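Observations on the model geometry
Each chain, letter by letter, is given below.
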Amino acid sequence: MYIGVDLGGTKIKIGIVNEEGQIVSSGIINTDPSHNDKIIMRDMTEEIDRLIKQEGLQTIDIKSIGIGVPGLVDYEKGSIIYCTNLSWYNVEAVSYLKEHFNIPVYIENDATVAAYAESLFGSTKEAKDSVFLTIGTGIGGGIIINKQIIRGAHGAGSEIGHMVIGENFYDCNCGRNGCFETLASATAMIKYALHKIATDYPNSSLKGLFEKNGQLEAKDIFDQAALGDPLATETVHRTAKYMAIGIANIYNILDPEIIAIGGGVSKAGDSFFDLIRSKVKKMTLVDSESIDYGKIVRAELGNDAGIVGAAFLSKQA
């Protein structure tokens, strides 16, 4: 058995995972960003202990523990360089858990562990070389080459969301302008629609939804585009354009067999995926009917990917 930990800004999901990648037991604990890292790590440790005992297991039955972190990590040192959501900087997470459990512990970026899970058990399991994109509030990415996780020289090798692909009317949280995630994420869709309501589309149905609900969601934009709203349609096509640019860049640089898309935007209809595929095809260097190139699919593991991928990090050691 393995333990996988999906560390989030508001919740920590923990699971016991068997050799087949199935979560046999899981638990969730709340995280409070006002608590320091030692308190949260203590809570995590207690929940892991509880799950082990609940399943009638002992620590010796657990081969390893893996943690997926929404931030930059130092895999070799086993530390969290920074995790913005929790205001963690230089946290020695691996040594803390090793000291308590006395078993191997590994740490990795959360999008990377989701990519690894998809590579082992999900949408990209038949491919040696694949890329996973999680598209929601931002854009995270994971790169798998020859079934191995690619981290880069400084652990930032899969920060795909911060690939600069154009100019935008607002800057990214990282301080730069034109990052992939500011042009093709769910947040980007919402910001663009609200921006255009104020300037060019005061009669859009999206304005009515925003005034009624006090917020706008990406699903609202997809739904209203399907009903023919001009602003929603423009927003969807703009998003598809920039998503295709980002994906085409990945294909032209890495030439993976397949790219899997997860996160909230992956729930868009088939027509949106078809639109992206058609745009990507026009931007990639390889354009041949005899080569299966530029394959884009939905990820399969959903919310389980973080736990499952983290659980199997020991296989990358």
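For the structure itself, look to the data block above.
My aim in this report is to walk through the structure given alongside it, one point at a time. (Residues numbered from 1 in each chain as written. Predicted model: local features only at pLDDT ≥ 70, side-chain atom pairs only at ≥ 80, totals over all residues. Heavy atoms only, no water.)

Glancing now at helix α2 (residues 93–101). By the burial criterion, the buried members of α2 are Ala-93, Val-94, Leu-97 and Phe-101. One side of α2 carries all its buried residues, which in axial view fall inside an arc of 95°. Phi for Asn-102, located one or two positions after α2, is positive at around 60°. (Buried < 20%, exposed > 50% of the residue type's maximum accessible area, 1.4 Å probe, protein only. Helix = DSSP H or I, 4+ residues; strand = E, 2+ residues; numbered from the N terminus. Arc of directions from axis to C-beta.)

Attention now moves to the state of the cysteines. Counted by the stated rule, this structure contains zero disulfides. Summary of cysteine pairing: Cys-83 is not part of a disulfide, and the nearest cysteine sulfur, belonging to Cys-172, is at 16 Å. Looking at Cys-83, the relative accessible area reads 0%, which means it is buried. Not engaged in a disulfide, the cysteine Cys-172 finds its nearest cysteine sulfur in Cys-174; these two sulfurs lie 3.7 Å apart. (Disulfide = S-S within 2.5 Å.)

Read across the sheet, five strands follow the order β3-β2-β1-β4-β8 without closing on themselves; strand pairing throughout is mixed. Edge strands, defined here as strands with exactly one partner in the open sheet, are β3 (23–30) and β8 (105–109). Each strand of the sheet is rotated relative to its neighbour by a mean of 15°, with strand direction disregarded. Summarising the sheet, strand β2 (residues 11–17) and β3 pair through seven bridges and their orientation is antiparallel. The residue of β3 that forms the bridge with Ile-14 is Gly-27. Contacting β1 (2–7), β2, β3 and β4 (64–69), helix α1 (residues 37–54) runs over the sheet at an angle of about 150° to β3. (Pairing = 2+ DSSP bridges. Axes fitted to C-alpha atoms, helices over the stretch in contact; angles between N-to-C directions. Contact = heavy atoms within 4.5 Å.)

Evaluated as defined, the whole model comprises nine salt bridges. The partner of Glu-19 in a salt bridge is Lys-63, with the nearest N and O atoms 2.5 Å apart. Placement of the pair is Glu-19 in the loop between β2 and β3 and Lys-63 in the loop between α1 and β4, with a sequence separation of 44 residues. According to the relative accessible area criterion, Glu-19 is partly exposed, its value standing at 35%. The salt bridge involving Arg-151 is made with Glu-108; its shortest N-O contact spans 2.4 Å. In this pair, Arg-151 sits in the loop between β11 (148–149) and α4 (181–184) while Glu-108 sits in strand β8, placing the two residues 43 residues apart along the sequence. (Salt bridge = Lys/Arg side-chain N within 4 Å of Asp/Glu carboxyl O.)

Fair warning: the whole summary comes from geometry, so function is off the table for now.
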